[in-house]
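# Descriptive structure summary
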Amino acid sequence: MENTNIDATYNRPEGDRKIDSAVLLIDLPAFIKQIKDEKAWGQNDRNAITVFKTDKMRIVLVAMHRKATMQTEHPENIISVQVLKGKISVATNYASTEVDKEMILALHEKVPYTITASKKSIFLLTVVE
């Protein structure tokens, strides 16, 4: 397996970081601190960083301010949402579900969803291609 790095970006000019390898340790407290320290967190209703990415799965750490919303971009994928801090609401055509700290919600493919932060929240969004 070849290691994959993501290049520096406008929001993260400090350089590249590893997002895929045979074994990848993800330091969530460090990434949480990073996204909260970035200008995007202060200027927008949310900030996120991809912490793992392959051709079959992606894990994104997302921080959202209270009342921020995000809608599905790829309803054809299976997803899970694991709340690390705060509380979110996930609305689908089937139900609206409150997801509290230390809870996980999983959705099958082709289920459009909207995530709304009930209060400042941090969660892991896992997308399976």
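Just above sits the structure.
The text that follows walks through the structure, step by step, so that each part is easy to find. The model shown is predicted, which means the values in this text are computed figures rather than measured ones.

## Description of the nonpolar core
Looking at soluble globular proteins, one finds that nonpolar side chains tend to be buried together. Of all hydrophobic cores here, the largest spans 20 residues; its most connected members are Met64, Ile88, Val90, Ile115, Phe123 and Leu125. Broken down by secondary-structure element, the contributors of at least two residues to this core are strand 4 (57-64), strand 6 (78-85), strand 7 (87-92), strand 9 (104-107), strand 10 (113-117) and strand 11 (121-128). Among residues more than four places away in sequence, those in contact with Met64 are Trp41, Asp45, Arg46, Thr69, Met70, Ile115, Ala117, Lys119, Lys120, Ser121 and Phe123. In this structure, Phe31, Ile35, Ala63 and Ile122 belong to the second largest nonpolar core, which totals 12 residues.

## Notes on helix 1 (residues 28-37)
Taken together, the buried positions of helix 1 are Phe31, Ile32 and Ile35. The arc that holds the buried residues of helix 1, viewed along the axis, is 105°, so those residues lie on one side. Across from the buried face of helix 1, at angles greater than 90 degrees, the exposed residues are Pro29, Lys33 and Asp37. Looking at the buried residues of helix 1, the elements they touch are strand 2 (17-20), helix 2 (39-43), strand 3 (46-53), strand 4, strand 6 and strand 11.

## Details of the pattern of salt bridges
Using the criterion set out here, one finds 3 salt bridges in the structure. When the shortest N-O distance is used, the salt bridge between Lys33 and Asp37 registers 2.6 Å. Taken together, the positions of Lys33 and Asp37, both in helix 1 and 4 residues apart, correspond to about one turn of that helix.

## Some details on unusual backbone geometry
Positive phi outside glycine occurs at Lys67, with the angle close to 75°. The topology assignment puts Lys67 in the loop between strand 4 and strand 5 (69-71). Phi at Lys110 is positive, roughly 65°, even though this residue is not glycine. Within the secondary structure, Lys110 sits in the loop between strand 9 and strand 10. According to the relative accessible area criterion, Lys110 is exposed, its value standing at 63%.

## Digging into the environment of Leu107
Tracing the backbone shows Leu107 in strand 9. On a C-alpha basis, the gap between Leu107 and Val127 in space is 9.9 Å, while along the polypeptide they are 20 residues apart. Not counting the four nearest positions on each side in its chain, Leu107 is found in contact with Ile78, Ile79, Val90, Thr92 and Tyr113.

## Observations concerning the sheet that holds strand 5
One open sheet accounts for 4 strands, arranged 5-10-7-8; its pairing is antiparallel. Lying at the two open borders of the sheet, with one neighbouring strand each, are strand 5 and strand 8 (96-100). Across the sheet, the axes of successive neighbouring strands diverge by a mean angle of 20°, strand direction being ignored. Note: strand 7 against strand 10, 5 bridges, orientation antiparallel. The residue of strand 10 that forms the bridge with Ser89 is Thr116.

Conventions used here
- Residues numbered from 1 in each chain as written.
- Predicted model: local features only at pLDDT ≥ 70, side-chain atom pairs only at ≥ 80, totals over all residues.
- Heavy atoms only, no water.
- Core = buried A, V, L, I, M, F, W, Y, C linked by side-chain atoms within 4.5 Å.
- Buried < 20%, exposed > 50% of the residue type's maximum accessible area, 1.4 Å probe, protein only.
- Helix = DSSP H or I, 4+ residues; strand = E, 2+ residues; numbered from the N terminus.
- Contact = heavy atoms within 4.5 Å.
- Arc of directions from axis to C-beta.
- Salt bridge = Lys/Arg side-chain N within 4 Å of Asp/Glu carboxyl O.
- Pairing = 2+ DSSP bridges.
- Axes fitted to C-alpha atoms, helices over the stretch in contact; angles between N-to-C directions.

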